[in-house]
Structure formats: structure tokens, C-alpha cells
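# Report on the structure
Given next are the chains, with one letter for each unit.
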Amino acid sequence: MRGPLKSVAGLALLPALALVAATAGCSAGDTATDAAPAAPTPSASSSSAPVTAYAPYVSSSTVSDTDSAGSPTTYNLAFVISSGSGCAPSWNGAQDIDDATVTSRIAGLTGSGAGVRVSFGGASGDELAAACDTAAELAEAYGTALDAAGATRADFDVEGDELADSASVDLRSEAIALLQEERAGLEVSFTLPVMPSGLDEDGLALLASANDHGVRVATVNLMTMNYGESYDGDMGEYALTAAGAANAQLQDVFGLSEAAAWRGMALTSMLGVNDVEGETFTLEDAAQVRAFAEEKGVAWVSMWSAFRDRQCGEDASADDPSTDCSGVEQEDGAFGEAFAG
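As the structure is a computational prediction, the values presented were derived from the model and not from experiment. (Residues numbered from 1 in each chain as written. Predicted model: local features only at pLDDT ≥ 70, side-chain atom pairs only at ≥ 80, totals over all residues. Heavy atoms only, no water.)

## Here's the deal with the overall build of the protein chain
Along the backbone of the protein chain there are ten helices and 13 strands. Counting over 341 residues, the protein chain shows a buried share of 55%. When contacts within the protein chain are restricted to residue pairs at least 6 apart in sequence, long-range pairs at least 24 apart make up 71% of them. Put simply, the protein chain shows about 13300 Å² of open surface, and 48% of that area lies on carbon and sulfur atoms. (Helix = DSSP H or I, 4+ residues; strand = E, 2+ residues; numbered from the N terminus. Buried < 20%, exposed > 50% of the residue type's maximum accessible area, 1.4 Å probe, protein only. Contact = heavy atoms within 4.5 Å. Areas by Shrake-Rupley, 256 points an atom, 1.4 Å probe, with all protein chains shown as cover.)

Right, dumping it as C-alpha cells:
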């Protein structure tokens with residue numbers, strides 16, 4: 001059941017693509033320009049509005065021919081979780097955080113000049129905030145993963161049971177705040193589930209916890225996907241409706257103007273066939289989301305995932321649309337090109 005909005009006063013959401021005060025210690029997001037001591041708030045339609053970046057989710061270990069489609073600005077590396085042995089971080093619970101395969105993979109991704117964002121959490125495995133005992137221990141685990149990837153951007157994908165677990169939510173917030181004290185340039189995003197009606201009570205409570213602990217948030221990334229079986233209509237329109245509802249929420253939660261709330265937002269869609277029956281996100285939907293994001297000045301757009309950006313083969317036993325391919329008719333890399341604009 002979706003609950004009422006919670007108003008969270010006092011949090012300064014730092015727009016990922018805006019110039020931010022050097023004293024705030026936040027990076028300039030997916031741009032290559034260093035932060036400067038100013039925080040302009042141009043309208044999304046002005047010529048000085050920031051360009052919407054493209055930052056797909058990719059496998060941390062397996063190379064895909066479609067990774068570079070659309071020439072991403074940043075790659076979101078999925079996912080760092082617990083190794084299963086307490087607070088030790090690992091890639092997908094299977095590979096050591098400094099595994100040579102992963103470090104080689106990262107070098108390949110960044111060779112073109114793109115950056116990487118380490119994504120912690122996801123829908124599977126043991127999330128670190130639920131596995132670590134103290135904030136200091138959790139912050140160390142996060143830092144170890146970031147150092148291994150050579151990353152200054154951290155994405156916290158919180159969903160499922162962990163999103164409703166107030167103890168791990170608060171522990172995570174405390175740990176991120178500690179990490180930002182140690183790393184002045186650390187850019188933080190939260191990836192949260194959303195409905196066409198906006199963020200739910202748990203998502204807003206997580207942002208409230210971040211506020212209470214002094215976390216500097218760059219972007220709130222909305223997972224515009226998997227709404228439920230009753231949502232079997234136009235997935236592009238659902239994404240836009242969800243973004244509009246969340247924009248109003250972010251204005252209220254963070255005390256932002258409409259334009260600033262758009263710049264503090266990211267949008268992630270699940271390309272092709274979604275996990276929920278009846279939900280299919282098409283190439284036309286991707287182009288629609290991209291055009292909308294550019295119009296509004298959204299910080300970045302993404303998709304789950306680059307390695308699914310291809311048509312499934314004829315042998316149904318060889319490809320699974322939920323993990324290996326899109327499940328729709330397409331050219332390889334077509335979704336990446338559409339999201340990049």
C-alpha cells in the first residue's frame with residue numbers, strides 16, 4: 001500500500017550536472033569539468049541548461065558488444081554486495097572486490113574517457129548495510145569497493161526488504177556520511193523504485209534518513225519499471241508520469257525549484273520485456289524518455305541493462321529476456337543509441 005508523502009526539510013540536493021560550491025565537496029556529476037564555487041539554476045529550456053548524460057548499467061565482469069552503444073558518459077557497475085562472509089564486499093556475491101577480471105573490465109570501459117559509478121545493492125544477494133554491524137565497518141567496505149574500481153561516484157540501489165528496513169537504512173546513511181567526510185569529492189546517488197504516482201513512503205523515508213545524517217545527495221535515480229500487472233499500458237507514458245510525480249516530491253522534500261528538482265533526478269528504464277507480465281518498454285519509449293529528459297534537464301538517463309541491448313536468438317532455451325536480451329525486435333545496441341539521443 002502506498003503511503004502519504006513525508007516532507008523532509010533542510011536537505012540540499014546537489015544537482016549532478018550543475019556547478020556546485022567547492023566547499024560542499026561534491027563532484028560535478030557526469031561532466032568532465034571540475035566543480036566551481038557557484039550553483040546556477042537555469043531553466044531547463046535555457047541554452048545554459050546542462051546536457052542529459054547517458055549512463056547504462058553494465059556487468060562488472062563480462063564484456064558485452066553493446067556496452068559502448070550510445071557512447072556512455074558513465075557506466076554504472078552492477079553490483080557490489082556482501083560476499084556472504086559478513087561485511088566483506090564482493091561483486092555480485094561471487095567475485096573478490098579486487099578481482100583481476102573486474103579491474104581489467106573497468107580499464108576497458110574507461111579507456112574511452114568514460115567514468116564509472118559503483119552501484120551497491122540491487123535486487124539480489126545480501127546488501128552490505130544489512131550485513132555490516134557498524135557504520136564505520138560499512139563505510140570501510142564501501143571505500144574498499146570504490147578504491148578497487150578507481151571510482152568517485154557511488155550509487156546505492158535500495159529495493160525490496162532492505163528499503164523497508166529502517167535499521168539498515170539508517171546505518172547506510174551514517175556510513176555514507178562518514179565516507180563523504182573522508183572523501184570530499186564523493187558523488188552519491190540513490191536508486192529507488194517508483195510508481196506512476198511517484199516515490200513511496202519507504203523511498204521518502206530513506207531520503208529523510210540521508211538528510212538526518214547529513215548525506216550530500218547528487219541525484220535520485222528513479223527505476224521507472226515493474227509497476228505491477230495492472231499497469232499494462234504505455235511504458236513510456238508511465239515513465240514520464242512517474243518522473244513528474246517524483247519531481248513534485250523532490251521539490252517538497254528538498255526545498256528545490258522545479259528546474260533544480262529535474263537536475264537532481266535520473267531515470268532508469270528496463271529495456272524491452274520487463275519482469276512484470278504485460279510490461280514492455282519499446283525503442284519508441286526510449287526515444288520518448290530521452291526527449292523528455294533533455295527538455296526537462298534531467299541529470300542522466302540509464303537502462304537495465306547494456307548486456308540486454310540485443311534481440312533474443314531463435315533458440316528460446318539459449319536466451320532469457322529477463323537477463324540476456326530485450327525480448328523485442330531490434331538491432332544490437334539500438335536502445336543505447338536511443339537513450340543517448
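## Topic: helix H7 (residues 235–254)
In a regular helix each residue adds 1.5 Å, so 20 residues correspond to 28 Å; H7 covers 28 Å between its end C-alpha atoms and thus fits that length. Here H7 starts with a cap whose side-chain oxygen sits 2.9 Å from the backbone nitrogen of Gly236, and that cap is Asp234. Positive phi appears at Gly255, one or two residues downstream of H7, with a value of about 70 degrees. (Expected span 1.5 Å × (residues − 1). Polar contact = N/O pair within 3.5 Å; in protein donor to acceptor, adjacent residues only side chain to side chain.)

## Some details on the side chain of Asp155
Tracing the backbone shows Asp155 in strand E7 (residues 153–157). For the buried Asp155, which has no salt bridge, the nearest side chain bearing the opposite charge is Arg117, at an N-O separation of 6.0 Å. In terms of polar contacts, Asp155 uses its side chain to reach the side chain of Tyr57, at 2.8 Å. (Lys, Arg positive; Asp, Glu negative; His and termini not counted. Salt bridge = Lys/Arg side-chain N within 4 Å of Asp/Glu carboxyl O.)

## Observations regarding the environment of Ala175
Tracing the chain through its elements places Ala175 in helix H5 (residues 166–182). Residues Ala175 and Val215, spaced 40 residues apart in sequence, show a C-alpha to C-alpha distance of 9.2 Å. Once residues within four sequence positions are removed from consideration, Ala175 is found in contact with Ala135, Leu138, Ala139 and Tyr142.

## Points about a negative patch on the surface
A grouping of Asp133, Glu137, Glu140, Glu181 and Glu182 is seen on the molecular surface, where their side chains present a negatively charged patch. For Glu182, the location among the structural elements is in helix H5. (Patch = residues over 30% accessible without salt bridge, like charges linked within 9 Å, V, L, I, M, F, W, Y side chains within 5 Å. Charge placed at Lys NZ, Arg CZ, Asp CG, Glu CD.)

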